[in-house]
Amino acid sequence: QIMAPTFILASTTRKQTVQFEYRNALHVLAPIIRRAVVANAGADTPKLDGSIFMLSIDDAEHAFVLQDVNGMLDINAASRSLLATFLRGIERENLLETIISTRNSTPFRDTETFITLLNLPASTTVEAAKLVTIHSGRRRINGETAPIALLEILSGETGPRAQLLAAVDRRLLRTRTVTKVVVFRMPK
């Protein structure tokens, strides 16, 4: 039976029992991802915004994160204004021209190179890496699935998603259908 505090896949009419092994984790998560992608998924469905959700698989708790890639900042494709706003939010605006010229000559092949270039404190490096991608190919982000931390950086505020979206420049946002979902397994 697959269950989590905010997500229950199993019901009285349908039960799933799965042996949890890393190689079949995607088989376990595939129906969850399909359900999360549906436009009006229920409140018990994990969000595609990087929020952690727990699954109990074979009596062991496992933490996972689902993230719509369109909600992340694509360091190779982001518009100049989106990238500038992000860098200003993390107090690295002086790197804008360096990053633009780097990605124009040779696009970033991984996010680690970008994160290293930012020279962030070690305590924020891991969190910053969860906000960027090289895979969406989008100039703007999907505000509905963007991680809250990214919206806080772009808005310069804290608060619920609706408040943050209202504070972010609308030209930086675009609602897109979910095309790619990244699955992270959180360490114990």
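Residues numbered from 1 in each chain as written. Predicted model: local features only at pLDDT ≥ 70, side-chain atom pairs only at ≥ 80, totals over all residues. Heavy atoms only, no water.

(A) Main features of the overall build of the protein chain. A tally of helices and strands in the protein chain yields 7 helices and 5 strands. Among the 188 residues that make up the protein chain, the fraction classed as buried is 43%. Contacts in the protein chain between residues far apart in sequence, at least 24 positions, make up 61% of those at least 6 positions apart. Roughly 10,400 Å² of accessible area belongs to the protein chain as shown, and the carbon and sulfur atoms make up 53% of that amount. (Helix = DSSP H or I, 4+ residues; strand = E, 2+ residues; numbered from the N terminus. Buried < 20%, exposed > 50% of the residue type's maximum accessible area, 1.4 Å probe, protein only. Contact = heavy atoms within 4.5 Å. Areas by Shrake-Rupley, 256 points an atom, 1.4 Å probe, with all protein chains shown as cover.)

(B) Geometry of the packing of helix 2 (residues 80–89) against helix 3 (residues 96–105). At a minimum axis separation of 10 Å, helix 2 and helix 3 run at an interaxial angle of 135°. Accordingly, the angle class assigned to the pair helix 2 and helix 3 is oblique. The two elements helix 2 and helix 3 meet at a crossing, and its hand is right-handed. Where helix 2 approaches helix 3, its residues Arg80, Leu83, Ala84 and Leu87 are matched on the opposing element by Leu96, Glu97, Ile99, Ile100 and Arg103. Across the contact of helix 2 with helix 3, the residue classes break down as 6 nonpolar, no polar and 3 charged. (Axes fitted to C-alpha atoms, helices over the stretch in contact; angles between N-to-C directions. Parallel < 35°, antiparallel > 145°, perpendicular 65-115°, else oblique. Left-handed = near helix turned anticlockwise from the far one by under 90°. Nonpolar A, V, L, I, M, F, W, Y, C, P; charged D, E, K, R; others polar.)

(C) Local environment of the nonpolar core. With 32 residues, the main nonpolar core has Leu73, Phe86, Phe114 and Leu118 as its most contacted residues. With 5 residues, helix 2 is the single largest residue contributor to this core. Leaving out residues up to four positions away in the same chain, Phe86 has contacts with Leu73, Phe114, Leu118, Leu131, Val132, Leu150, Ile153 and Leu154. Core analysis: the next-biggest nonpolar cluster, separate from the first, contains 8 residues, Ile33, Ala36, Leu55 and Phe64 among them. (Core = buried A, V, L, I, M, F, W, Y, C linked by side-chain atoms within 4.5 Å.)

(D) Structural view of the confidence of the model for the protein chain. Here the protein chain shows a mean pLDDT of 78. Residues at 70 or above account for 74%. In the model of the protein chain, helix 1 (residues 25–37) stands out as the element of lowest mean pLDDT, 67, in contrast to helix 2, which has the highest, 96. Overall, residues 1–23 carries pLDDT values under 50, and its contacts beyond four positions in sequence, including any with other chains, amount to 48 contacts. (pLDDT = per-residue confidence, 0-100.)

(E) Summary view of the pattern of salt bridges. Counted under the stated rule, the structure contains 3 salt bridges. Across the salt bridge formed by Lys130 and Glu127, the nearest N and O atoms sit 3.4 Å from each other. Its relative accessible area of 46% is what places Glu127 among the partly exposed residues. Between Arg171 and Asp169 there is a salt bridge; the shortest N-O distance is 2.6 Å. What makes Asp169 partly exposed here is its relative accessible area of 32%. (Salt bridge = Lys/Arg side-chain N within 4 Å of Asp/Glu carboxyl O.)

(F) Highlighting the side chain of Ser155. By secondary structure assignment, the location of Ser155 is in helix 6 (residues 148–155). At 3.5 Å, the side chain of Ser155 and the backbone oxygen of Glu152 are in polar contact. If we skip the residues at most four places from it in the chain, Ser155 touches Leu164, Ala167 and Val168. (Polar contact = N/O pair within 3.5 Å; in protein donor to acceptor, adjacent residues only side chain to side chain.)

(G) Molecular detail of unusual backbone geometry. For Glu91, which is not glycine, the phi dihedral falls at a positive 60°. Structurally, Glu91 can be placed in the loop between helix 2 and helix 3. Judged by relative accessible area, Glu91 falls into the exposed class, the value being 62%. The backbone phi angle of Asn119 is positive, close to 55°, even though this residue is not glycine.

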